[in-house]
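Per-entry structural report
So you can see what is in the structure, the chains are spelled out below.
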Amino acid sequence: MANEVRLYGVTRSPFVCRAVIALNLKGIKYEFVEQDLSNKSADLLKYNPVYKKVPVFVHNGNPISESLVILEYIDEVWKGVPILPQDAYEKAQARFWAKFMDDKCFPAVFKAVTSHGEEQAVAEVHEALQFLENELKVKGSKFFGGDNINLVDIAATFVAFWIGAVEEALGIELLPKDKFPKLTEWSDNYVNCKAVKDSLPPRENLVAIYKKRFGKA
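Residues numbered from 1 in each chain as written. Predicted model: local features only at pLDDT ≥ 70, side-chain atom pairs only at ≥ 80, totals over all residues. Heavy atoms only, no water.

Concerning helix 5 (residues 119–139)
The criterion, for reference: Put simply, DSSP H or I for four residues or longer makes a helix, DSSP E for two residues or longer makes a strand, and each gets a number counted from the N terminus. The length a helix should cover is 1.5 Å for every residue beyond the first. Relative accessibility under 20% of the residue-type maximum defines a buried residue, over 50% an exposed one, and the middle range a partly exposed one, all with a 1.4 Å probe and only protein chains included. By definition in these notes, contact holds between two residues if any of their heavy atoms fall within 4.5 Å. Within 3.5 Å is the distance limit for a polar contact, defined as a pair of N or O atoms, with the added protein rule that one can donate a hydrogen and the other accept it, and that residues adjacent in sequence qualify only through two side-chain atoms.
Spanning 21 residues, helix 5 covers 30 Å between terminal C-alpha atoms, matching the ideal 30 Å at 1.5 Å per step. All of the buried residues in helix 5 are A121, V122, V125, H126, A128, L129, L132, E133, E135 and L136. Turning to helix 5, the residues buried within the fold contact helix 4 (88–114), helix 7 (157–170) and helix 8 (181–191). Looking at where helix 5 begins, the residue whose side-chain oxygen comes 3.1 Å from the main-chain nitrogen of Q120 is E118. Once helix 5 finishes, G140 follows within two positions and takes phi at roughly 60°, a positive value.

Concerning the packing of aromatic side chains
Basically, it comes down to this: Geometry of aromatic contacts follows a simple scheme: Phe, Tyr and Trp rings, the Trp one being its six-membered ring, pair when their centres are within 6.5 Å, and the pair is stacked under 30 degrees between planes, edge-to-face over 60, tilted otherwise. For a lysine, the NZ atom is tested; for an arginine, the CZ atom; a charge sits over a ring if that atom is within 6 Å of the ring centre and within 35 degrees of the ring normal.
Under the definition given, this model contains 13 aromatic pairs. When the centroid spacing of 4.9 Å and the interplanar angle of 65° are considered together, the rings of F15 and F106 count as edge-to-face. Highlighted residues: F15 in helix 1 (residues 14–26) and F106 in helix 4, separated in sequence by 91 residues. Where F110 meets F214, the ring centres are 6.2 Å apart and the plane angle is 90°; that geometry is what we call edge-to-face. One end of the pair, F110, is in helix 4; the other, F214, is in helix 10 (residues 203–214), with 104 residues separating them in the sequence. Given a relative accessible area of 40%, F110 falls into the partly exposed group. Classification of F214 by relative accessible area gives buried; the value is 10%. Members of the aromatic cluster, connected to one another through ring pairs, are F96, W97, F100 and F131. It is K53 that lies over the ring of Y51; its NZ or CZ is 5.4 Å from the centre.

Overview of the pairing of strand 1 (residues 5–9)
Quick note on the threshold: Between any two strands, pairing holds if DSSP finds at least two bridges. Viewed with both strands pointing away, a crossover whose connecting path from the first strand over the helix to the second turns clockwise is right-handed.
For strand 1, the buried fraction is high: 5 of the 5 residues fall into the buried class. Covered by surrounding structure in strand 1 are V5, L7 and G9 together with R6 and Y8, the residues of both alternating faces. Judged from the 4 bridges that link them, strand 1 and strand 3 (residues 56–59) form a sheet pairing that is antiparallel. Note on strand 3: the bridge partner recorded for V5 is H59. Looking at chain direction, strand 1 and strand 2 (residues 31–34) are connected through 4 bridges and run parallel. Bridge pairing in strand 2 links Y8 to V33. On the question of chirality, the crossover connecting strand 1 to the parallel strand 2 by way of helix 1 is right-handed.

Quick look at the packing of helix 7 against helix 10
This is how the line gets drawn: Note on method: axes are straight lines fitted to C-alpha atoms, helices fitted across the in-contact stretch only, with angles between N-to-C directions ranging 0 to 180 degrees. An angle below 35 degrees is read as roughly parallel, one above 145 as roughly antiparallel, one from 65 to 115 as roughly perpendicular, and any other as oblique. Here a crossing is taken to be left-handed if its near helix is turned anticlockwise relative to the far helix by less than a right angle, and right-handed if that turn runs clockwise.
At a minimum axis distance of 8 Å, the contact between helix 7 and helix 10 shows a crossing angle of 50°. Overall, the two elements helix 7 and helix 10 adopt an arrangement that is oblique. The two elements helix 7 and helix 10 cross, and the hand of that crossing is right-handed. Contacts from F161, W162, G164, A165, V166, E168, A169 and L170 in helix 7 reach R203, L206, V207, Y210, K211 and F214 in helix 10.

Considerations on the pattern of salt bridges
Put simply, the rule reads: When a carboxyl oxygen of Asp or Glu lies within 4 Å of a side-chain nitrogen of Lys or Arg, that pair is called a salt bridge.
Counted under the stated rule, the structure contains 9 salt bridges. Close ionic contact of D75 with K26 constitutes a salt bridge, the shortest N to O distance being 2.7 Å. Taken together, the residues span a long stretch of sequence, with D75 in helix 3 (residues 67–77) and K26 in helix 1 at a distance of 49 residues. Of the two residues, D75 and K26, both sit in the buried class. K99 is the partner of D103 in a salt bridge, and the nearest nitrogen-oxygen pair spans 2.4 Å. Here D103 pairs with K99, and both are found in helix 4, just 4 residues apart, close to one helical turn. By relative accessible area, which is 41% here, D103 ends up partly exposed.

Set out below in structure tokens:
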């Protein structure tokens, strides 16, 4: 059976970018269907009637929603370059840290952005990022996945790339190199991986979006 693969999303979304990275990492051919979130398409509402959000991944007519679920599905269906570890404990740990990105890191960063870098909000970002810094120190590896990127690295894409765009746009500091040397080094290594670099939106576009949406008048 032929593989019909479509990804519904917006290029500025770090959650959509996760799926793009996984597809590129696996060498999967797909159609990207750009969405207008102010006027959601009939397909998006049909394929994700519960959350009505992107990304939505459609494989041979079967829709899958939520970026972390999509990553696991891609890894399950297309073998080759692994996204999840094979060891049961390591797999559980990868899922834990991937969920940590969405439950702790992203909300903290969003709060800091919407508060224009309010001191307490930035402190909460630093508290969350410190856990990642410590994890990299313990691992002593290039990536969260060891020598190669895995689920945790892909889940943390917004830390590696989006935070820098936010810092430039709003003139705030969320990931200072002196405070997070391991995380900064990881970010540089990660965004320079070919599958990642080819998946990222133009940084200047993100900076312009954040200046317009969150910049002080």
